[in-house]
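# Coordinate inspection notes
Next come the chains, spelled out residue by residue.
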Amino acid sequence: MRSCIQRIQGIHSFQVPTPFPVGPVNVYLIEDDALTLIDAGPKSEAAWTALKRQLKEVGYVPEDIDQVVLTHHHVDHVGLLDYLGQESPIDVLGHWRNEPWISQDPAFFENSWAFFKKLYRSFGVEERFLPFLKQMFEGIFRFNCQTGLDTVLKEGDAVPGMTDWRVMETPGHAQSHIALYRERDGVMIGGDHLLAHISSNAVMEPPYPGEAERPKALLQYRESLRKMLPLDLSRVLTGHGEEVTGVHELIGQRLQKQDERATAIRAVLDSGPLSGFDICKRLFPSKYESELSLVLSETLGHLDLIQSRGEVKVMEENGVCYYSAVYWFHEGTGHMPFSSKRRNLHDQ
Ligand SMILES: [Zn+2]
């Protein structure tokens, strides 16, 4: 893979190990007016050793790097900022929503866990799983950095020190997510927005300071995928695994798979109203316990999707939300709720 990417002038691709099931993270070194690293890797000795070795292979040491541009705030992309910053001052650039995560803002972290606990309970998650979910939430941040942004990047910005690269906001996988796009050769550095070998998870996140509602990550993610369609993309350099060349085709596949999962959830609800956690158990019977937070994110995202289509309604009972299917029938070109002809299951 590296030899292929190195043919794109001025871009080196490095693989940095992570302790996570996703495997190594790809970071990119761009030689231009500034020597720029796109993402950094998790905070671990293994990652640091691997990054230094690969920098050396192309003739650099960490002190040569002028700036790091973050595609998003996940720890496997940002942790090594702490090591890089120790060697010499370094500019960190990224979307403003990186800030509370990479600075480990104590109030934000506390509010986040309070938000997740409330959300999990309303989803019907059994109390016995909460300590485990808290442990997971806190454990991941062992690999996080503690730094701050020097420059905020937003939609349409030119990236300082990187000729012809522009910022495209692509929220969904993370609220802080951006991609960098170079129109002249159709190359995008896409972070985890679109991966070749696995579909990217639209991760649940809490509301940010000053915001009341949680983001609907899967809806945003689909919009961010569609936003790429008008672009003349030759390839997307990804945050994990191989680069993507058949970009439009892959976007179509990802959207279709989400539609299929939404249909599957809708079918599960045919038997009657269920809590979100009940749906998780039925959809993912073999992995809902071992990959709980992922499965919860996936299910909640798809429930948001079918709710946005008016195909499900939510009723609260003793603090737990129950989802029930709304039936529609089509008459001529219009459509109306089927519940006027047949009672909704929740009302039976
Ligand atoms: Zn990520």
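Residues numbered from 1 in each chain as written. Predicted model: local features only at pLDDT ≥ 70, side-chain atom pairs only at ≥ 80, totals over all residues. Heavy atoms only, no water.

The helix and strand tally for the protein stands at 11 helices and 15 strands. For 348 residues, the compact-globule estimate of 2.2 N^0.38 gives 20 Å, and the protein sits close to it at 22 Å. Sorting the 348 residues of the protein into buried and exposed places 53% on the buried side. Put simply, the protein shows about 15700 Å² of open surface, and 49% of that area lies on carbon and sulfur atoms. For the protein, the distance from the average position of its 35 positive side-chain charges to the average position of its 48 negative side-chain charges is 7 Å. (Helix = DSSP H or I, 4+ residues; strand = E, 2+ residues; numbered from the N terminus. Rg over C-alpha atoms; globule rule 2.2 N^0.38 Å. Buried < 20%, exposed > 50% of the residue type's maximum accessible area, 1.4 Å probe, protein only. Areas by Shrake-Rupley, 256 points an atom, 1.4 Å probe, with all protein chains shown as cover. Lys, Arg positive; Asp, Glu negative; His and termini not counted. Charge placed at Lys NZ, Arg CZ, Asp CG, Glu CD.)

Moving on, we get to the sheet that holds strand S9 (residues 187-191). Pairing is mixed across the open sheet formed by four strands, whose spatial order is S7-S8-S9-S10. Edge positions in the open sheet fall to strand S7 (165-169) and strand S10 (235-238), since each of these has one partner strand only. Within the sheet, the average angular offset between the axes of one strand and its neighbour, ignoring direction, is 25°. (Pairing = 2+ DSSP bridges. Axes fitted to C-alpha atoms, helices over the stretch in contact; angles between N-to-C directions.)

Below, the discussion takes up the sheet that holds strand S3 (residues 35-38). Pairing is mixed in the open sheet, where six strands are placed in the order S1-S2-S3-S4-S5-S6. Every interior strand has two partners, whereas the edge strands, strand S1 (11-16) and strand S6 (151-152), have only one. In terms of strand pairing, strand S4 (residues 67-69) meets strand S5 (residues 91-94) through three bridges, oriented parallel. Bridging across to S5, Val69 finds its partner in Leu93.

Let us now look at the packing of helix H9 (residues 247-268) against helix H10 (residues 276-283). Running from N to C, H9 and H10 cross one another at 110°; their axes reach a closest spacing of 10 Å. Regarding the angle of H9 to H10, the classification is roughly perpendicular. In the packing of H9 onto H10, the handedness of the crossing is right-handed. Note on element contacts: H10 touches H9 through Ile279, Arg282 and Leu283, opposite Ala264, Ile265 and Val268. A per-class count over the contact of H9 with H10 returns five nonpolar, no polar and one charged. (Parallel < 35°, antiparallel > 145°, perpendicular 65-115°, else oblique. Left-handed = near helix turned anticlockwise from the far one by under 90°. Contact = heavy atoms within 4.5 Å. Nonpolar A, V, L, I, M, F, W, Y, C, P; charged D, E, K, R; others polar.)

A few words on the packing of aromatic side chains. Tallying each qualifying case throughout the model produces 20 aromatic pairs. Ring plane angle 35° and centroid distance 5.9 Å describe the contact between Trp113 and Phe137, whose orientation is recorded as tilted. Pair noted here: Trp113 is in helix H6 (residues 106-122) and Phe137 is in helix H7 (residues 130-140), with a separation of 24 residues, a long-range link. The burial state of Trp113 is the same as that of Phe137; both residues are buried. Between Phe123 and Tyr323 the ring centres are 6.4 Å apart and the planes differ by 80°, which places this aromatic pair in the edge-to-face class. Highlighted residues: Phe123 in the loop between H6 and H7 and Tyr323 in strand S13 (residues 320-325), separated in sequence by 200 residues. As far as burial versus exposure is concerned, Phe123 and Tyr323 are alike and both buried. Aromatic ring contacts, followed pair by pair, group Trp96, Trp101, Phe108, Phe109, Trp113, Phe115, Phe116, Tyr120, Phe137, Phe141 and Tyr208 into a single cluster. Sitting over the ring of Tyr208, Arg97 keeps its end group 4.8 Å from the ring centre. (Phe/Tyr/Trp six-rings, centres within 6.5 Å; stacked < 30°, edge-to-face > 60°. Lys NZ or Arg CZ within 6 Å of the ring centre and 35° of its normal.)

What follows concerns the pattern of salt bridges. With the rule as written, the count across this model stands at 17 salt bridges. Residue Arg184 pairs with Asp164 through a salt bridge whose shortest N-O separation is 2.7 Å. Note that Arg184 is positioned in the loop between strand S8 (178-182) and S9 and Asp164 in the loop between S6 and S7, a separation of 20 residues in sequence. Using a relative accessible area of 42% as the deciding quantity, one classes Asp164 as partly exposed. The shortest N-O distance in the salt bridge between Arg182 and Asp185 comes to 2.7 Å. Look at Arg182 and you get buried, because its relative accessible area is 5%. (Salt bridge = Lys/Arg side-chain N within 4 Å of Asp/Glu carboxyl O.)

The residues that UniProt annotates with the feature "domain: Metallo-beta-lactamase" (unreviewed entry) are residues 24-240. Segment residues 24-240 splits into 31% helix and 18% strand. End C-alpha atoms: 6 Å apart. (UniProt positions renumbered as here; feature names shortened; annotations may be inferred.)

With that settled, consider a negative patch on the surface. Judged by side-chain charge, Glu63, Asp64, Asp66, Glu87, Asp91 and Asp150 come together as a negatively charged surface patch. On the secondary structure map, Asp66 appears in the loop between helix H2 (45-57) and S4. (Patch = residues over 30% accessible without salt bridge, like charges linked within 9 Å, V, L, I, M, F, W, Y side chains within 5 Å.)

Attention now moves to the environment of Val75. As for its placement among the helices and strands, Val75 is situated in helix H3 (residues 75-78). Each C-alpha atom of the pair Val75 and Pro42 lies 5.5 Å from the other, and the pair is 33 residues apart in sequence.

Look at Gln104: it is not a glycine, yet its phi comes out positive at around 55°. Counting through the fold element by element, Gln104 comes out in the loop between helix H5 (99-102) and H6. Exposure remark for Gln104: the relative accessible area of 24% places this residue in the partly exposed category. Residue Asp164 is not a glycine yet carries a positive backbone phi of 75°.

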